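# Geometric and topological summary
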Amino acid sequence: MSYCTLDDLTTRYGERMLVDLTDRGALATGVIDGAVIDRALTDTDAMIDGYLAVRYKLPLGSTPALVADLAQVIAIWKLHVAAPDPKIEEDYKAAMRTLEGLSRGSVRLTTVEGIEPSGTGGNGVRLTDRARPLTAENLKGYI
């Protein structure tokens, strides 16, 4: 299940932009190359899954709006073979910060169909006690 589709990208960025980014043949056809789009969407899904797998059970039951938005931003960035527009670059950087937040737990997805973030099984506090070198037995004669 992909987090976004060609239709989502077309609605958000327009067909003209997608044609410009994907029509990479020797002769321009003037149509969107579906194979290029599919590759970008597959790469985007893999990247998002890598961040979400730290805290969430995959695959997600449905696609939360936040994840769909991040997928669109990352996919359009991945479609650029040259330096993207500054707005697209900034959106990509913000999306990556959000994914890092999702991975760390500072940003949370609302629960979707009973999917809860996985815990570590601990409470975050770890105590390791060492052997005590001063005991009543080895202090005899000093006290």
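Provided above is the structure to which this section pertains.
Definitions and limits used
Residues numbered from 1 in each chain as written. Predicted model: local features only at pLDDT ≥ 70, side-chain atom pairs only at ≥ 80, totals over all residues. Heavy atoms only, no water. Salt bridge = Lys/Arg side-chain N within 4 Å of Asp/Glu carboxyl O. Helix = DSSP H or I, 4+ residues; strand = E, 2+ residues; numbered from the N terminus. Buried < 20%, exposed > 50% of the residue type's maximum accessible area, 1.4 Å probe, protein only. Phe/Tyr/Trp six-rings, centres within 6.5 Å; stacked < 30°, edge-to-face > 60°. Axes fitted to C-alpha atoms, helices over the stretch in contact; angles between N-to-C directions. Parallel < 35°, antiparallel > 145°, perpendicular 65-115°, else oblique. Left-handed = near helix turned anticlockwise from the far one by under 90°. Contact = heavy atoms within 4.5 Å. Nonpolar A, V, L, I, M, F, W, Y, C, P; charged D, E, K, R; others polar. Polar contact = N/O pair within 3.5 Å; in protein donor to acceptor, adjacent residues only side chain to side chain.

### Quick word on the pattern of salt bridges
- Here the structure, examined in full by the defined rule, presents four salt bridges.
- In this structure, Asp20 engages Arg16 in a salt bridge whose closest nitrogen and oxygen atoms are separated by 2.8 Å. One end of the pair is Asp20 and the other is Arg16, both in helix H2 (residues 15-22) and four residues apart, which spans about a single turn.
- Residue classification places Arg16 among the exposed residues on the basis of a relative accessible area of 54%.

### Describing the packing of aromatic side chains
- All told, the structure shown has one aromatic pair when counted by the stated rule.
- With 3.7 Å between their ring centres and 5° between their planes, Trp77 and Tyr92 make a pair best called stacked. In this pair, Trp77 sits in helix H4 (residues 65-79) while Tyr92 sits in helix H5 (residues 86-104), placing the two residues 15 residues apart along the sequence.
- For Trp77, a relative accessible area of 24% corresponds to the partly exposed category.
- Exposure remark for Tyr92: the relative accessible area of 12% places this residue in the buried category.

### Some words on the packing of helix H3 (residues 34-52) against H4
- At a closest axis distance of 9 Å, the pairing of H3 and H4 adopts a crossing angle of 130°. Considering the angle they form, H3 stands oblique to H4. Here H3 runs over H4; the crossing is right-handed. Contact residues: H3 offers Val36, Ile37, Ala40, Leu41, Asp43, Thr44, Met47, Ile48 and Leu52, while H4 offers Val67, Leu70, Ala71, Ile74, Ala75, Lys78 and Leu79.
- Of the residues in the contact of H3 with H4, the class split is 13 nonpolar, one polar and two charged.

### Some thoughts on H2
- Every buried residue belonging to H2 is among Leu18, Val19, Leu21 and Thr22, and all of these are buried.
- For H2, the elements touching its buried residues are helix H1 (6-13), H3 and H4.

### Things to note about the environment of Asp45
- Here Asp45 lies in helix H3.
- With a relative accessible area of 12%, Asp45 lands in the buried category.
- Between the C-alpha atoms of Asp45 and Cys4, which are 41 residues apart in sequence, the distance is 8.7 Å.
- Within the structure, the side chain of Asp45 is placed 3.0 Å from the side chain of Ser2, a separation counted as a polar contact.
- At a separation of 3.3 Å, a polar atom in the side chain of Asp45 contacts the main-chain amide nitrogen of Tyr3.

By themselves, these figures tell us nothing about what the structure is for.
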